[in-house]
Amino acid sequence: GWAAMDPSLEALVDATRGSSPGACGPSLHPRSVAACVGALLPQSSHSKSNSNSNSNSPSKLTKLLAETIRTKRADAAKEAALLAARTKTDPVEPEPFLPLLVLVGATTDGLEVTAMQLSKPQGGDEEVHCPFGGISVVSSVCCCRGAGTMEGGKHTDVDVDVVEEKLEWAMDRLRSQVGLIAPESEEPTAIVTYGTIATQLKVATKLKAILAGYGKEARNKKNDNDKHDDEEDQDDDDDWDGWDQDIPLLSTHESCTSVGLAVLAAASHSRVKLVVSVKGTDGKHRPKPKPAVDVKSVAACQVAVSFNYFGGEEGKWTEPKTVFDFDRRVPAGPYRVEFSAAECAAHVKCARSGKASNDFREIGDETVLMDMAKSLEGARGIPEREEAALRLRFRVLQRTTRDDEENGRWIRIGDDMSPLTMEHSQKDEGESGRDHLVACESAVMEISLSPVGLITTALTTNGETIVQATKSARNSKLLKYAGIFGSLLFVGGFLVKSFVEERVFERDTQRVLAYYKHVAPNSFHDGDERHARYMVWKYKGKKDALWRRLEAKYGFPVKHAWEWDDDEEGEREAKGGEEEEETEDLDGSDGSGEL
């Protein structure tokens with residue numbers, strides 16, 4: 001765990017891959033997982049009756065696990081049967097019991113304490129190299145040895161005092177982590193040590209003292225509950241996780257880790273596998289190979305990121321923000337980090353105004369920061385955004401120990417990165433420094449973590465400078481408004497067209513009705529609006545033909561509705577004038593009748 005640093009892993013992968021392009025990389029696995037596989041490996045023994053025949057017997061750890069699983073399953077089935085009889089329902093099949101193992105290993109560089117669950121127990125007719133097909137790491141706590149344990153520039157042996165101090169701290173931390181992550185199986189089935197025999201003896205001695213302290217703590221807690229006779233305290237007594245001196249301590253051979261690593265490497269290259277029957281889409285079962293053991297590991301390190309908006313000046317780096325925490329299921333990621341020149345300029349502006357650039361974590365302050373970044377967008381903020389983008393620095397940090405002491409400090413991985421800069425395409429030959437760099441408007445970085453702690457980063461950008469991005473944004477805005485305006489014109493044109501056509505249709509209908517009323521009064525078509533609408537619809541687009549046919553049939557021109565009204569009014573006026581002429585007094589005013 002403490003050696004799973006990104007530079008070490010990258011160098012190991014590059015060194016073991018070789019120069020051939022098709023060479024396979026190394027099969028890397030956590031040391032504790034390899035020790036677990038090696039401890040579960042069956043022991044080969046020669047038969048006394050026939051010296052040429054070999055027989056494999058289960059290891060001591062496998063026997064203990066199998067017996068514990070049978071006991072737990074029997075107890076769970078018994079409880080389920082009693083509950084079903086009490087409730088008069090069918091018994092519910094209990095969930096499978098997952099034994100919890102704690103593996104403790106120490107070297108001259110430090111120690112590692114790991115908790116893992118085992119699942120998928122395999123029968124005797126299946127793969128014998130892996131009695132359990134599933135290994136799921138719950139938590140891993142490791143700590144490295146400090147510089148004070150060096151003698152003459154070399155490590156002599158495991159410093160008992162350092163190991164005892166760190167082992168107690170690691171067990172306490174692991175115990176709390178198991179209670180949070182896997183509360184269903186807090187009590188370990190066994191504690192297995194690995195390493196050299198001398199180291200295992202020292203570690204076992206310290207473990208017995210630690211477990212005895214856990215048992216004493218539980219007894220004192222129980223006595224306090226009995227004295228106070230408090231229900232709340234009694235509930236706390238029921239929550240005891242069972243860590244005490246009754247947990248079996250098992251030791252392993254010195255080559256346990258190496259043998260287990262060989263089995264894991266063989267399983268990863270399909271040299272050790274299972275053949276299972278899989279049902280296909282056609283309903284037929286076909287044999288299919290699968291790995292003999294499936295390992296689900298967790299992150300033994302913590303990964304964080306930090307930002308600097310002032311060209312990498314010391315003391316200006318933000319507090320590390322954790323991206324992948326300890327005990328995170330791996331592989332993990334990708335975790336996306338988005339960079340924006342406007343936000344960088346807003347951080348710089350806030351810092352210059354007296355506000356810390358990394359204090360915008362509350363909702364209100366973050367809103368102020370985003371409003372300020374939005375105000376810096378556009379052509380007016382180009383100088384500030386370019387300066388902030390060129391001065392932005394980004395780094396990835398990693399640490400493998402959980403304590404906050406000297407060994408728990410953050411370690412920088414790789415060089416500081418400038419995610420918002422890129423080289424100019426017209427760079428002069430021999431040009432040095434950062435003069436050939438141009439600022440980008442935005443970029444996205446994805447950070448991933450491999451199962452063994454290898455960190456990979458991928459930077460993605462559209463390749464546009466801030467000026468180009470501003471022009472593109474302006475053009476996009478113009479295109480957006482032009483599209484909206486064109487859409488409005490398109491839809492509005494249809495609405496206007498529909499309105500005009502409806503008005504013309506109603507006008508022509510009234511024209512036909514008025515024609516029949518004046519030309520053929522009291523006929524079938526006089527006042528028949530449905531017939532008039534049908535005629536107008538039938539001759540849509542060729543109204544002149546309709547008017548000619550009506551004029552040829554009835555001998556009268558087709559007029560508009562208001563023209564018929566004007567003609568009637570003119571006739572009435574003419575008729576009224578004739579009546580006035582008839583009643584005109586042609587006699588003289590004196591009535592004599594003389595001319």
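Residues numbered from 1 in each chain as written. Predicted model: local features only at pLDDT ≥ 70, side-chain atom pairs only at ≥ 80, totals over all residues. Heavy atoms only, no water.

## Concerning the overall build of the chain
Here is step 1: Secondary structure assignment for the chain yields 14 helices and 19 strands.
Here is step 2: The buried share of the chain, taken over its 595 residues, is 35%.
Here is step 3: When contacts within the chain are restricted to residue pairs at least 6 apart in sequence, long-range pairs at least 24 apart make up 67% of them.
Here is step 4: Here the chain has roughly 36,300 Å² of accessible surface; of this, 51% comes from carbon and sulfur atoms. (Helix = DSSP H or I, 4+ residues; strand = E, 2+ residues; numbered from the N terminus. Buried < 20%, exposed > 50% of the residue type's maximum accessible area, 1.4 Å probe, protein only. Contact = heavy atoms within 4.5 Å. Areas by Shrake-Rupley, 256 points an atom, 1.4 Å probe, with all protein chains shown as cover.)

## A word on the pattern of salt bridges
When the charged atoms of two side chains lie near each other, side chains of opposite charge can form a pair.
Here is step 1: Evaluation of the coordinates by the stated rule reveals 11 salt bridges.
Here is step 2: Here arginine 175 ties to glutamate 217 by a salt bridge, and the two come within 3.9 Å at their closest N and O atoms. Of this pair, arginine 175 sits in helix H4 (residues 160–181) while glutamate 217 sits in helix H5 (residues 197–228); the two residues are 42 residues apart in sequence, bridging distant segments of the chain.
Here is step 3: In this structure arginine 175 comes out as buried when scored by relative accessible area, which is 16%.
Here is step 4: Salt-bridge contacts for aspartate 508 lead to arginine 507; the nearest nitrogen and oxygen are separated by 3.3 Å.
Here is step 5: Residue aspartate 508 is classed as buried on the basis of its relative accessible area of 2%. (Salt bridge = Lys/Arg side-chain N within 4 Å of Asp/Glu carboxyl O.)

## Points about helix H12 (residues 529–538)
Here is step 1: His531, Ala532, Met535 and Val536 are the residues of H12 that are buried. The buried residues of H12 occupy an angular sector of 135 degrees when the element is viewed end-on, so they sit on one face. In this structure, H12 carries Arg530 and Trp537 as exposed residues pointing more than 90 degrees from its buried face. (Arc of directions from axis to C-beta.)

## Describing the packing of aromatic side chains
For any pair of aromatic rings, the description consists of the separation of the ring centres together with the inter-plane angle of the planes.
Here is step 1: Scanning the model with the defined rule gives 10 aromatic pairs in all.
Here is step 2: On the basis of an interplanar angle of 65 degrees and a centroid distance of 6.4 Å, the ring pair of tyrosine 515 and tyrosine 516 is categorised as edge-to-face. Like tyrosine 516, tyrosine 515 is buried.
Here is step 3: Ring geometry for tyrosine 516 against tyrosine 554: centres 6.0 Å apart, planes inclined by 90 degrees, an arrangement best described as edge-to-face. Within this pair, whereas tyrosine 516 is found in helix H11 (residues 466–519), its partner tyrosine 554 is found in helix H13 (residues 543–554), the two being separated by 38 residues in sequence.
Here is step 4: Residue class for tyrosine 554 comes out partly exposed when judged on its relative accessible area of 24%.
Here is step 5: Here lysine 316 stacks its cationic end above the ring of phenylalanine 310, 5.1 Å away from the centre of that ring.
Here is step 6: Above the plane of the ring of tryptophan 547 lies arginine 511, whose end atom (NZ or CZ) is 4.2 Å from the centre. (Phe/Tyr/Trp six-rings, centres within 6.5 Å; stacked < 30°, edge-to-face > 60°. Lys NZ or Arg CZ within 6 Å of the ring centre and 35° of its normal.)

## Things to note about a positive patch on the surface
Here is step 1: Together, Lys120, Lys290, Lys296 and Arg329 line one region of the surface with positive charge.
Here is step 2: You can see arginine 329 is positioned in the loop between strand S12 (321–324) and strand S13 (332–340). (Patch = residues over 30% accessible without salt bridge, like charges linked within 9 Å, V, L, I, M, F, W, Y side chains within 5 Å. Lys, Arg positive; Asp, Glu negative; His and termini not counted. Charge placed at Lys NZ, Arg CZ, Asp CG, Glu CD.)

## Thoughts on the sheet that holds strand S7 (residues 249–250)
Here is step 1: Across the sheet, 6 strands lie side by side as S7-S6-S3-S4-S5-S10; this open sheet has mixed pairing. The sheet is open, and its two borders are formed by S7 and strand S10 (294–296), each paired with just one other strand.
Here is step 2: Examined bridge by bridge, strand S5 (residues 132–144) and S10 share 3 bridges and lie parallel to one another. Within S10, the position partnered with glycine 134 by the bridge is aspartate 294.
Here is step 3: Lying on the sheet, helix H2 (residues 31–40) is in contact with strand S3 (100–106), strand S4 (110–121), S5, strand S6 (190–194) and S10; it crosses S4 at an angle near 55 degrees. (Pairing = 2+ DSSP bridges. Axes fitted to C-alpha atoms, helices over the stretch in contact; angles between N-to-C directions.)

## What about the nonpolar core?
Here is step 1: Membership of the largest hydrophobic core comes to 40 residues, with the highest contact counts inside it found for Phe339, Phe394, Leu420, Ile447 and Leu449.
Here is step 2: Breaking this core down by element, the ones donating at least two residues are strand S11 (302–308), S12, S13, helix H8 (341–352), helix H9 (363–375), helix H10 (382–391), strand S14 (393–399) and strand S18 (442–449).
Here is step 3: At 7 residues, the largest contribution of residues to this core is made by H8.
Here is step 4: If we skip the residues at most four places from it in the chain, isoleucine 447 touches Val305, Phe324, Gly333, Pro334, Tyr335, Val337, Phe394, Ile455, Thr456 and Thr457. (Core = buried A, V, L, I, M, F, W, Y, C linked by side-chain atoms within 4.5 Å.)

## Comments concerning the state of the cysteines
Here is step 1: Overall, the coordinates contain 0 disulfides when judged by the stated rule.
Here is step 2: Distance from the sulfur of cysteine 301, which forms no disulfide, to the nearest cysteine sulfur (cysteine 142) is 8.8 Å. (Disulfide = S-S within 2.5 Å.)

## A word on unusual backbone geometry
Here is step 1: Cis geometry marks the peptide bond from valine 330 to proline 331; its omega dihedral reads 5 degrees.
Here is step 2: Within the secondary structure, proline 331 is located in the loop between S12 and S13.
Here is step 3: Note the cis peptide between glycine 333 and proline 334, where omega equals 5 degrees.
Here is step 4: As for its placement among the helices and strands, proline 334 is situated in strand S13.
Here is step 5: The backbone of lysine 88 sits at a positive phi, close to 55 degrees, despite the residue not being glycine.
Here is step 6: Its location among the elements puts lysine 88 in the loop between helix H3 (60–87) and S3.
Here is step 7: Given the relative accessible area of 78%, lysine 88 is considered exposed.
Here is step 8: One non-glycine residue, lysine 120, lies in the positive phi region at around 55 degrees.
Here is step 9: Along the chain, the position of lysine 120 falls in strand S4.

## Topic: the sheet that holds strand S19 (residues 455–460)
Here is step 1: The 3 strands are arranged S13-S18-S19 in an open sheet whose pairing can be described as antiparallel. Edge positions in the sheet fall to S13 and S19, since each of these pairs with one other strand and no more. Recorded for the sheet is a direction-independent mean angle of 20 degrees between the axes of neighbouring strands.
Here is step 2: Pairing between S13 and S18: 7 bridges, direction antiparallel. Note on S18: the bridge partner recorded for phenylalanine 339 is alanine 443.

## Observations regarding H2
Here is step 1: Burial runs high along H2: 9 of the 10 residues are buried.
Here is step 2: Looking at H2, one finds that the buried residues are Ser32, Val33, Ala34, Ala35, Cys36, Val37, Gly38, Ala39 and Leu40.

## Notes on the packing of H2 against helix H7 (residues 256–268)
Here is step 1: Two numbers describe how H2 lies on H7: the axes approach to 7 Å, and their chain directions differ by 90 degrees. Here H2 is positioned roughly perpendicular relative to H7, judged by the angle of their axes. Along its contact with H2, which presents Arg31, Val33, Ala34, Ala35, Val37, Gly38 and Ala39, the element H7 presents Cys256, Thr257, Gly260, Leu261, Val263 and Leu264.
Here is step 2: Grouping the constituent residues of the contact of H2 with H7 by class yields 9 nonpolar, 3 polar and 1 charged. (Parallel < 35°, antiparallel > 145°, perpendicular 65-115°, else oblique. Nonpolar A, V, L, I, M, F, W, Y, C, P; charged D, E, K, R; others polar.)

## Thoughts on the environment of glycine 453
Here is step 1: Secondary-structure assignment places glycine 453 in the loop between S18 and S19.
Here is step 2: Among the residues examined, glycine 453 registers a relative accessible area of 5% and is labelled buried.
Here is step 3: Separated by 122 residues in the primary sequence, glycine 453 and proline 331 have C-alpha atoms spaced 8.7 Å apart.

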